[in-house]
Amino acid sequence: KQSMNKGLMHTIWVLLVSLSISSCATIFGKSKYPVTINSTPNAANITITNKKGDTVFNGTAPAVVTLKSSSGYFKKESYIVRLSAPGYSEKIFPIDFIISDFYFGNILLGGAIGMLIIDPLTGCMWTLPERRNKINGILTPINSNTSSSIEIRELKDISYEVREKLILIQ
């Protein structure tokens, strides 16, 4: 009976240690995400820059580009995808990573090491929202006969540089 209690205590100890050093986001998440980019017209130029302004990809659509979710310890990455083609207006698509729900699993499992060290270092604490893993850019032809035009976009599809220049109309 004493050896059975010893075995049970050993099992409980191993379980507690495993849970305390676990990192949920690293186990269930990832630190790199594929983004599918298509364009109309086909073969548009793609330029992707990170939040530092460094170009991380140059190519043509269609393409699948793998992007890192982190730019450092506790720092999420963000990107600007630019689609362009001769005779068409450029389209800009921001890609922002968000905190993963799995990251908060560390609280439930008592994984302080996972929450403060492992997940932030690996970048697995960040995830890509599903709506951002596919970009279908429809470029608008530049029409020289039109003197002016209005383009309606969702705020999430406007780059941060352009957002700063927006003026609120009342």
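Here, every reference points to the structure presented above.
Residues numbered from 1 in each chain as written. Predicted model: local features only at pLDDT ≥ 70, side-chain atom pairs only at ≥ 80, totals over all residues. Heavy atoms only, no water.

A.B. asks: So, the sheet that holds strand 11 (residues 134-138): which residues are in play, and what are the values?
C.D. replies: Pairing is mixed in the open sheet, where 3 strands are placed in the order 4-1-11. Unpaired on one side and paired on the other, strand 4 (63-68) and strand 11 mark the two borders of the sheet. The mean angle between the axes of side-by-side strands here comes to 25°, regardless of whether they run parallel or antiparallel. Sheet topology note: the strand 1 (residues 32-40)/strand 11 ladder contains 5 bridges and is parallel. Looking at the pairing, T40 lines up with I138 of strand 11. (Pairing = 2+ DSSP bridges. Helix = DSSP H or I, 4+ residues; strand = E, 2+ residues; numbered from the N terminus. Axes fitted to C-alpha atoms, helices over the stretch in contact; angles between N-to-C directions.)

A.B. asks: I'd like a description of the sheet that holds strand 8 (residues 91-96), backed by residues and values.
C.D. replies: Taking strand neighbours across the sheet as the criterion, the 4 strands line up as 3-2-7-8 in an open arrangement whose pairing is antiparallel. With one partner strand each, in any of the chains shown, strand 3 (55-60) and strand 8 form the two edges of the open sheet. Across the sheet, the mean angle from the axis of one strand to that of its neighbour is 15°, orientation sign disregarded. Here 6 bridges tie strand 2 (residues 45-50) to strand 7 (residues 78-84), and the two strands are oriented antiparallel to one another. By the bridge assignment, N45 is partnered in strand 7 with S84.

A.B. asks: Give me the lowdown on the side chain of S39, citing residues and values where you can.
C.D. replies: Along the polypeptide, S39 turns up in strand 1. From its side chain, S39 meets the backbone oxygen of P41 in a polar contact 2.6 Å long. Within polar-contact distance, the side chain of S39 engages the backbone nitrogen of A44 at 3.3 Å. Ignoring sequence-local partners within four residues, the contact set of S39 consists of A44, A61, L83 and G137. (Polar contact = N/O pair within 3.5 Å; in protein donor to acceptor, adjacent residues only side chain to side chain. Contact = heavy atoms within 4.5 Å.)

A.B. asks: Tell me about the pattern of salt bridges, and name the residues and values.
C.D. replies: Going through the model one piece at a time under the given rule, you end up with 1 salt bridge. Taking the shortest distance from any N to any O, the salt bridge between E90 and R82 comes out at 3.7 Å. By relative accessible area, which is 39% here, E90 ends up partly exposed. The partly exposed category is assigned to R82, whose relative accessible area is 25%. (Salt bridge = Lys/Arg side-chain N within 4 Å of Asp/Glu carboxyl O. Buried < 20%, exposed > 50% of the residue type's maximum accessible area, 1.4 Å probe, protein only.)

A.B. asks: Provide a residue-level description of the side chain of N50, including the pertinent values.
C.D. replies: In this fold, N50 is placed in strand 2. Taking the relative accessible area as the measure of exposure, N50 reaches 13% and is therefore buried. From its side chain, N50 meets the backbone nitrogen of K52 in a polar contact 3.1 Å long. Those residues in contact with N50 that lie beyond four places of it in its chain are V56, E77, S78 and Y79.

A.B. asks: Please set out a nonpolar patch on the surface residue by residue, giving values where relevant.
C.D. replies: Taken together, L155, V162 and L166 make up a surface patch of nonpolar side chains, about 260 Å² in accessible area. The residue L166 is located in the segment after helix 5 (160-163) in this model. (Patch = residues over 30% accessible without salt bridge, like charges linked within 9 Å, V, L, I, M, F, W, Y side chains within 5 Å. Areas by Shrake-Rupley, 256 points an atom, 1.4 Å probe, with all protein chains shown as cover.)

A.B. asks: Provide a residue-level description of the packing of aromatic side chains, including the pertinent values.
C.D. replies: Inspection of the entire model under this criterion finds 2 aromatic pairs. With a centroid separation of 5.7 Å and 50° between ring planes, the pair formed by Y33 and F97 is classed as tilted. Separated by 64 residues along the polypeptide, Y33 in strand 1 and F97 in the loop between strand 8 and strand 9 (98-99) bring together distant segments of the chain. On the accessibility criterion, Y33 (9% relative accessible area) is buried. For the pair Y79 and F97, a centre-to-centre distance of 6.2 Å together with 70° between the ring planes defines the contact as edge-to-face. A residue pair is termed long-range when its members are at least 10 positions apart, and Y79 in strand 7 and F97 in the loop between strand 8 and strand 9 qualify at 18 residues. Like F97, Y79 is buried. (Phe/Tyr/Trp six-rings, centres within 6.5 Å; stacked < 30°, edge-to-face > 60°.)

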